[in-house]
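Now for the letters of each chain:
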Amino acid sequence: MTRAVPFPGDPPITPELVRDHNLTDQEYGLIEALLGRAPTFAELGVFSALWSEHCSYKHSRPILQTFPTAGPQVVQGPGENAGVLRLPDGWAVAFKIESHNHPSAVEPYQGAATGVGGILRDVFTMGARPVALLNSLRFGPLEDARNRYLLAGVVRGVGDYGNCVGVPTLGGEVDFGRSYSGNPLVNAMCVGLLREADLITAAAHGVGNVLVVVGSSTGRDGIHGASFASEELTHASERRRPQVQVGDPFTEKLLLEASLELIASGHIVAIQDMGAAGLTSSSAEMAAKGGVGVEIDLSRVPTREPGMTPYEILLSESQERMLVVAKADRVADVQAIAAKWELTAKPIGRVTDDGMYRATWKEQVVVEIPGRRLIDDCPVYHLEAREDPAVAELRRGTPHPASRIPHPADVLLTLLDHPAIASKRWVYEQYDSTVQASTVIAPGGDAGVIRVREAEFGLAVTTDGNSRYVALDPYEGGKAAVVEAARNVACTGGRPLGITDCLNFGSPERPSVLYQFREACRGIADACRVLETPVTGGNVSFYNESPSGAVDPTPVIGMVGLLARADRAVPSHARSPGDVVFVLGETQAELGGSVLWEALHGFVGGVPPRVDLAAERRLVDFLVAGAERALFRSAHDCSQGGLGVALAEVAMSGPYDDTGFGLDVDLTTYGLRLAALELLFSESHGRAVVTCQPARAAAVVALAQELGVLAHRAGTVGERGGALRLRLRDARVEHPVDRLREVYFSGLARRMGD
Amino acid sequence: MKRVAVIVFPGSNCDGDALAAAREAGSDAYYVWHRETDLQQADCVILPGGFSYGDYLRSGAIARFSPVMAAVAAHARAGGPVLGICNGLQILCEAGLLPGGLMRNARLRFLSRPAWVRVETTDTPFTCLYQQGDVLEIPIAHGDGRYVADERTAAELEASGRVVWRYVRDNPNGSMHDIAGVCSTGRNVVGIMPHPERRNAAVLGGQDGARVFHAMEARHATQHAVDVRAVGDRHLRV
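What you are looking at is a predicted structure, and each value in this text was computed from that prediction instead of being measured.

**Student:** Can you help me understand the interface of chain B and chain A in this one?
**Tutor:** Interfaces are often sized by the amount of accessible area the parts lose when they come together. Taken together, the contact between chain B and chain A spans 25 residues of the former and 26 residues of the latter. Elements with a contribution of two residues or more to the side of chain B that touches chain A: α1 (15-24), β6 (111-119) and β7 (135-142) of chain B. Considering every element that reaches the side of chain B that touches chain A, the biggest residue donor is β6(B), with four residues. Residues that form the side of chain B that touches chain A fall into these classes: 14 nonpolar, six polar and five charged.

**Student:** Please explain unusual backbone geometry as it appears in this structure.
**Tutor:** Peptide bonds are trans in most cases, and residues, glycine excluded, mostly fall at negative phi. Residue and element names in this part refer to chain A. Positive phi, close to 60 degrees, is recorded for Glu342, a residue that is not glycine. Mapped onto the elements of the fold, Glu342 is located in the loop between α13 (331-340) and β11 (345-352). Phi at Tyr543 takes a positive value of approximately 65 degrees, unusual for a residue other than glycine. In this fold, Tyr543 is placed in the loop between β18 (535-541) and β19 (545-546).

**Student:** Would you explain the sheet that holds strand β8 (residues 268-273) of chain A in this entry?
**Tutor:** Two modes of strand pairing occur in sheets, parallel and antiparallel, and in both the strands are linked by backbone hydrogen bonds. Residue and element names in this part refer to chain A. The strand order β8-β10-β7-β11-β9-β12-β13 describes an open sheet built from seven strands, whose pairing is mixed. Of all the strands in the sheet, the pair left with one neighbour each is β8 and β13 (364-370). Between one strand axis and the next, the sheet turns by 20 degrees as a mean value, whatever way the strands run. As defined by bridge partners, strand β12 (residues 356-361) adjoins β13 across six bridges and the pair is classed as antiparallel. Bridge pairing in β13 places Arg358 opposite Glu368.

**Student:** Just to check I follow, could you spell out the nonpolar core for this structure?
**Tutor:** General note: in soluble globular proteins, nonpolar side chains tend to be found buried as a group. Counting 314 residues, the largest nonpolar core has Val93(A), Val324(A), Val482(A), Leu647(A), Ala651(A), Val6(B) and Ala22(B) as the members making the most contacts within it. In contact with Val482(A), other than residues within four places in its own chain, are Ile499(A), Ile524(A), Ala527(A), Cys528(A), Leu531(A) and Ile557(A).

**Student:** For this particular structure, what's the right way to read helix α11 (residues 278-290) of chain A?
**Tutor:** Structurally, the α-helix is built with 3.6 residues per turn, so residues lying three or four positions apart point the same way. Residues and elements named next belong to chain A. Between the first and last C-alpha of α11 there are 18 Å, a value that for 13 residues agrees with the 18 Å anticipated at 1.5 Å per step. When you tally the buried positions in α11, you get 12 out of 13 residues, the bulk of the element. The set of residues buried in α11 consists of Gly278, Leu279, Thr280, Ser281, Ser282, Ser283, Ala284, Glu285, Met286, Ala287, Ala288 and Gly290. Following α11 by one or two positions, Gly291 has its phi on the positive side, about 65 degrees.

**Student:** Before we go on, may I ask you to explain the sheet that holds β7(B) in this structure?
**Tutor:** All names here are of chain B. In space, the nine strands of this open sheet follow the order β2-β1-β3-β4-β11-β10-β9-β6-β7, with mixed pairing throughout. Edge positions in the open sheet fall to β2 (28-33) and β7, since each of these has one partner strand only. Averaged over all adjacent pairs, the angle separating strand axes in this sheet is 25 degrees, with direction ignored. Of the strand pairs in this sheet, strand β4 (residues 82-85) and strand β11 (residues 189-192) are connected by four bridges, and their pairing is parallel. Bridged to Ile85 within β11 is Ile192. On top of the sheet, α1 reaches β1 (3-8), β2, β3 (44-47) and β4; it is set at about 175 degrees to β1, its chief contact.

**Student:** What exactly am I supposed to notice about the pairing of strand β7 (residues 210-215) of chain A here?
**Tutor:** Walk down a regular strand and you will see the side chains alternate between the two sheet faces. Residue and element names in this part refer to chain A. Taking burial as the measure, the six residues of β7 include six buried ones, the bulk of the element. Here β7 pairs with strand β10 (residues 321-326) via six bridges, running antiparallel. When the bridges of β10 are listed, Gly215 appears paired with Arg321. Where β7 and β11 come together, five bridges link them in antiparallel fashion.

**Student:** Which parts of the structure should I look at to understand the packing of helix α16 (residues 408-417) of chain A against helix α23 (residues 642-652) of chain A?
**Tutor:** Helix-helix packing is characterised by the crossing angle of the two axes and by the distance between the axes. Residue and element names in this part refer to chain A. Where α16 contacts α23, the axes come no closer than 10 Å and their chain directions differ by 70 degrees. Classified by the angle between their axes, α16 and α23 sit roughly perpendicular to one another. From α16, Pro408, Leu412, Leu415 and Leu416 reach across to α23, where they touch Gly644, Val645 and Ala648. Class assignment for the residues of the contact of α16 with α23 results in six nonpolar, one polar and no charged.

Basis of the calculations
- Residues numbered from 1 in each chain as written.
- Chains lettered and ligands numbered in written order.
- Predicted model: local features only at pLDDT ≥ 70, side-chain atom pairs only at ≥ 80, totals over all residues.
- Contact = placed C-beta atoms within 7 Å.
- Helix = DSSP H or I, 4+ residues; strand = E, 2+ residues; numbered from the N terminus.
- Nonpolar A, V, L, I, M, F, W, Y, C, P; charged D, E, K, R; others polar.
- Pairing = 2+ DSSP bridges.
- Axes fitted to C-alpha atoms, helices over the stretch in contact; angles between N-to-C directions.
- Core = buried A, V, L, I, M, F, W, Y, C linked by C-beta atoms within 7 Å.
- Buried ≥ 20, exposed ≤ 12 C-beta atoms within 10 Å, placed from the backbone.
- Expected span 1.5 Å × (residues − 1).
- Parallel < 35°, antiparallel > 145°, perpendicular 65-115°, else oblique.

Written out as C-alpha cells, the structure reads:
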C-alpha cells in the first residue's frame, strides 16, 4: 500500500466525482486495487488524465497494433513524441500529426493556435528543428454563419501561431460536410529536420537527475483538457471554454530555440512537451519510458496565481512548457541557457530508483502510484464492431435521376466552384509559406516541397483524407487516404517514406463507429504495406460527436517523401505550349462518394472507388522514376472531381499567374465504355496527368510500359490564356482558361464574404 | 569580404535566412544578440524579419528599445548601411531611422504570396546592382505591411527619390503610393517589406532578391555612405 494523504480542501471521493472524471465504476475499482486504498483527489485527477482515451488509447490500442511500423528507414516508430525516419547523409526527419478538435469547436482561434503549438513541441523535443507545418481541416457547410466563423477563426489561429514561430505552412486540406457542423476537425502536422546522431527521446534515466520545468508558468487554464477531448460535445460544451488553453507563440519561439540549444548542450538526458494532461502525463510518461521513478515537489512549480492546489498544478494544460531531465550537476547550466532565451527554468523534482510516481507538497505526499502500473494497468477494451445497416443501404443507393442531364461543360464549372474543390487560396494565403527560405513548391500544388539547404535532397509533405469514401466503405476509404497521399508526394517526385495518422471518429463505444475505425485502420495498414510506408505514430481522436451525431469517419494521413534532388521537384501545372499531355491509369464508372453526386444531387452515397494497391504502387514508382530522370514538366494527381477537374487544374496555373495555358485533350479513344459525366468526374484512384516536352514523350511511354502503367497520350498544352478543350465521344467541353480561373479561385473567397 | 551583422531579437524568425543569404553572397555574416551593444566591427547591419517580442504591442515597438538599437542607430548616423526586412523595416520606422510606419494590411489579414516590386532607385547600398525599372518577384508574408506616412513626408520621399521599391501589378496591402521600401535621407538606411532573402536561388523559383545581398559585397556598394566600422557605440572611419 502506498501512502498519500488528501490536501486540505480536497473534496471527498464520491461516485459522482469519479464519474465527473470520466472513469467507470470498474476502472475506479482497478484504481483502488492498484493503490490498496482510496485515491486522493489529486490521484483521481492523475488517473482520469492518464486513463483517458486521449492518453491511453484504451479503445484503440489493439487495432493500432496491427499497423506496419518497421522498415529500414525507421529510426523511431510509434510511442515517442514524434516518429523519425532516416534521410541521406546522416539526416533524419521527425514528424507527427495531432488533433485539436474539441478546443477548436468551442474557441476556434485559440483551439487551433494551441494545436499548432503542441505539434511543434512534439517535433522539437526530438531534437529536430521544425521546417514545415501542415493541417487538415473539416467544417460544416459554409452557408451557416457559425461554420464561417469557425473556419475564419481556425485559419487565423493556425496562421498566427505558425507565422510567429517562423515555420512555413506548406500544405493541407480543407473539406466540408454536414456532419462537421457541430464538431469541426482541426488536425495539425509538423515536420522537423535533425541529424540522426542528435536524436533525443523522452525516457527519463539516471537516478538523482533533476526534473526541470522550462518555459511558461502554470495557470488554471486547460485543466482536464485530455478528459474533455475524450467525451462527446454537447450544448454544455460551451462551458468548457475555460478549459481551452491560450497560446503564446512568441514564448514558443523562445522555447524552441532554448530546447534545441539544451539538447545540443548535452546538459540534459530527456525532454518532453507538457501537452495533454500537462505535468501529469509528461512526468509519468518520462518515468515509465525510462523504467524509473520520479518525485516532484508541486510547491516548487512556478504558478501564475497564488493558491493553486496540487490537483490544479498536476492537470493544468498551460501552454509553452517543457519538462527536461537535467544531469544532476548541470542544473545551473540549464538555467543559464533558459535565461538567455528569457525563460525560467525551475528544478521541481528528481529521478528516483523506487519506480514510484510521487508528487508532494513540500514534505507531504499527495500522489504516490507505482509508475509502471499507472501506465500499464490502464484497461484495454475490445469493443464490439458492427456496421450500421443504414450505411450498407446507402452504398446500394444512387441519386434520383435528374430531370435533365446537365452538360459536362456546365458541370465542370459547378465543380470548380464547389467548396471541396475550389482553390483554398483564401486559406493558405494567411499562412506564411516561404519563411526559412527553403520552399520549392508552396501550397496549392500536389504536395509541399522544401529543400534542405546543406544537402541535395528535398522533402515532399502532404495531408490527405476523404471522409465521403470512408463513411461509405471504411476499408476502401482507409486505403484511399494513404494512396492519395502517396500520389501527391510522388507527383512532385518524392518517394513516399512513411506516414503519421490522425484518426478522427465518433464514440468508439458505439459498434458502428468502432467498425468504421477498425476497417479504416485495416485499409491504412494494407496500403502502407504495399507502399512500404510504415506508420511512425499519430493520434486517435474519438468522441467527435455533437447532438446531431458523430462526424463522418475521417482518418487523415500525413506523409513524408524524399526527393533525391530538390531541384528536380515537379510542379502541378502545365508550363509550356506544345508539351504533350498524358493521362495515366484507368477510369472506371465510380461515382459513389463523388463530389459530382454531392454537387448535382446533394447525394453522398453509392459504392466509393476501389483502390487497386498494386496499380497504385506502379503509378507511384513511375512518377518517382520519371521525376528523377527529369522527364516531366508537370504532374498532377486525379482525386476529387476526377479527370475533368484535374485537367482544368493543370491548365489553370497558380493563383498568382496572370493566366493559365490552353489544353487540347482528346479522350475519344480513352475510357470507351463510359458516358461523358462518368469519364470526366468519376473519382477512380490510380490516375494522374503529366505533361512533358515532345522530345521526352517516347521516354515517358517507354517508362510506363516498363513499369506497367497505362499512359494515354491525350493531347497538347496550348498557348497562354488559351482554352481548355476536351473532346469526348459524346460531348465537347470548352472553356477559356481565364473563365476557369475566375470560378476556381473565387469560389471559397466569395463564400467567406470577400 | 564585408562583415555583416544580423541582429537577433527574441522572436526574430528570418535571422537564419538573412544570414544565409548574406553568406551565399560572399559576406562574412554573423549574429548579434539584441542585448549586445557592440556590432563587432560591422560594415553592414541587417534587421531581419519575424515577430520581435511577439509583435504584441505593435510591430517593432518593443524591439526598438533593445540595447543593440543604440549601436545600430550610431552605425546609421555615421552613414553605415542598414537593411531592415519586414519586421526589420517596422523596427526601423519605430526607431525613427526611417520615416512613416506600417499598419494592418488593408484586408486585415496576414498575407503570404508572391509580390512584384519595381526598383525605383539604384542609389542605395542595397539596390546598386539592379537597373532602375527592374521588376522583381519577391515573396511577402506580413500582417502589418501597409506603409503610411503623412502627406508631407510622402511628398518628400517622392521628391527626393527615396521610394526604393514600389509594388506593381497589384498593391497587396494598401500601402500609400504602392510603397514597398524606402530609404533614409542619407540613403544608407533601407527598409523593404517583401523578403529578398527568400528568393535568391533557382531552386526557390528565382533569384530576383539575390542582388540585394550581393550589393553589400560590391566595391561601390558603400560609395554613397562613408565606410564605417562600428565598435560599441563609437564609429571608426576606415
